[in-house]
Amino acid sequence: MRRVDALKVVGEEADSEDAVVVVHLGFPARELYHVYDRPLNFYMLGSMGQSCSVGLGLALSLPDDVEVLAVEGDGGLMMNMGILPTIAQESPPNYSLVLVDNSAYDTTGGQPTPSERIDWKSVAKAHGMTYLRAEDERSLRDALRRALREEGPHMVHAVVERGNADVPLIDMTPHEIISRFMRALEKRVKDR
Ligand SMILES: [Mg+2]
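Predicted model only: the values in this text are computed from it and were never measured. (Residues numbered from 1 in each chain as written. Predicted model: local features only at pLDDT ≥ 70, side-chain atom pairs only at ≥ 80, totals over all residues.)

1. Observations regarding the overall build of the chain
Of the regular secondary structure elements, the chain holds 8 helices and 8 strands. For the chain, the C-alpha radius of gyration of 15 Å lies close to 16 Å, the compact-globule estimate for 192 residues. With respect to the three principal axes, the spread of C-alpha positions in the chain is 45 × 40 × 30 Å. Buried residues in the chain amount to 42% of all 192 residues. (Helix = DSSP H or I, 4+ residues; strand = E, 2+ residues; numbered from the N terminus. Rg over C-alpha atoms; globule rule 2.2 N^0.38 Å. Buried ≥ 20, exposed ≤ 12 C-beta atoms within 10 Å, placed from the backbone.)

So this is what it looks like as structure tokens:
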């Protein structure tokens with residue numbers, strides 16, 4: 001499965017449940033913006049590894065019936081493994097960590113990560129997350145539907161090919177991204 005196709009599935013499934021999406025920096029943010037932009041997507045333009053933390057904060061501060069998908073790369077999550085005990089402690093029912101795993105730092109040139117040596121299922125279970133693995137678009141869609149509808153927290157492990165899609169830069173300023181997101185979030189909470 002190509003990462004850009006996985007991100008399109010994430011966008012579609014999030015949209016069908018009006019879920020919040022926080023997506024990490026670099027090409028994945030650009031790819032999601034290109035294939036499934038929506039106001040409830042928050043694009044992290046920097047801060048590698050922090051979408052799982054920002055997503056956790058959102059899940060904890062939002063009502064439990066507003067789902068949050070925190071999309072993080074394998075390299076990003078390995079930079080911020082310290083968030084996992086906090087996920088275990090807080091155990092938000094509306095939080096899913098979507099680990100988009102290409103076993104590489106692809107935005108910076110495809111340097112390999114040790115992700116293939118890590119038992120992510122055990123990591124998820126050790127931190128109180130239900131683990132769902134997906135290697136193609138159909139299983140990813142099924143996993144996301146479960147994660148969005150069943151009580152969390154979940155880790156959705158999307159195994160993807162290496163390689164970046166040929167997509168342009170995000171043509172919104174950071175201020176435009178956060179303002180649009182905050183307005184959409186306010187409306188999402190008000191409309192429930
Ligand atoms: Mg990666």
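We are not done yet, so read on.
2. Some remarks on helix H7 (residues 137-149)
For H7, with 13 residues, the first-to-last C-alpha span of 18 Å sits near the 18 Å given by 1.5 Å per residue. Three or more residues of H7 are buried, namely Leu140, Ala143, Leu144, Ala147 and Leu148. For H7, the angular spread of the buried residues around the axis is 130°, confining them to a single face. Away from its buried face, by an angle of more than 90 degrees, H7 presents the exposed residues Arg138 and Arg149. If you follow the buried residues of H7, they end up packed against helix H1 (3-16), strand S4 (95-101), strand S7 (130-134) and strand S8 (154-159). (Expected span 1.5 Å × (residues − 1). Arc of directions from axis to C-beta. Contact = placed C-beta atoms within 7 Å.)

3. Looking at the nonpolar core
Core analysis: the biggest nonpolar cluster contains 49 residues, and Val10, Val21, Val22, Ala70, Val98, Val156 and Ala158 have the highest contact counts within it. Of the residues forming this core, the biggest block, 6 residues, is contributed by H1. Not counting the four nearest positions on each side in its chain, Ala158 is found in contact with Ala6, Val98, Leu99, Val100, Asp101, Ala134 and Leu140. (Core = buried A, V, L, I, M, F, W, Y, C linked by C-beta atoms within 7 Å.)

4. Brief notes about the environment of Pro92
Structurally, Pro92 is set in the loop between helix H5 (84-90) and S4. Separated by 21 residues in sequence, Pro92 and Val71 place their C-alpha atoms 16 Å apart. Every residue in contact with Pro92, bar those within four places of it in the chain, is listed here: Leu56, Ala59, Leu60, Gly152 and Pro153.

5. A look at the environment of Thr107
With respect to the secondary-structure elements, Thr107 resides in the loop between strand S5 (104-105) and strand S6 (111-112). Here the alpha-carbon distance between Thr107 and Gly26, two residues 81 residues apart in the chain, equals 5.9 Å. In contact with Thr107, not counting residues within four places along its chain, are Gly26 and Phe27.

6. Focus on the sheet that holds strand S1 (residues 20-23)
Pairing is parallel in the open sheet, where 6 strands are placed in the order S2-S1-S3-S4-S8-S7. The open sheet terminates on both sides in strands that have one partner only, identified here as strand S2 (41-43) and S7. Between one strand axis and the next, the sheet turns by 20° as a mean value, whatever way the strands run. Bridge analysis of S4 against S8 gives 6 bridges, and the strand direction is parallel. Directly across from Leu99, in S8, lies its bridge partner His157. Taken strand by strand, helix H3 (residues 51-61) contacts S1, strand S3 (68-73) and S4, and its axis lies near 170° from that of S3. (Pairing = 2+ DSSP bridges. Axes fitted to C-alpha atoms, helices over the stretch in contact; angles between N-to-C directions.)

7. Observations regarding helix H2 (residues 27-36)
Taking burial as the measure, the 10 residues of H2 include 7 buried ones, the bulk of the element. Regarding H2, the residues found buried are Phe27, Pro28, Ala29, Arg30, Glu31, Leu32 and Tyr33. Buried residues along H2 sit in contact with H1, S1, S2, S3 and S4.

8. Considerations on the environment of Asp142
Structurally, Asp142 can be placed in helix H7. Given 13 C-beta atoms within 10 Å, Asp142 falls into the partly exposed group. Considering only alpha carbons, one finds Asp142 and Pro63, 79 residues apart in sequence, at a separation of 24 Å.

By themselves, these are just geometric observations and shouldn't be taken as functional.
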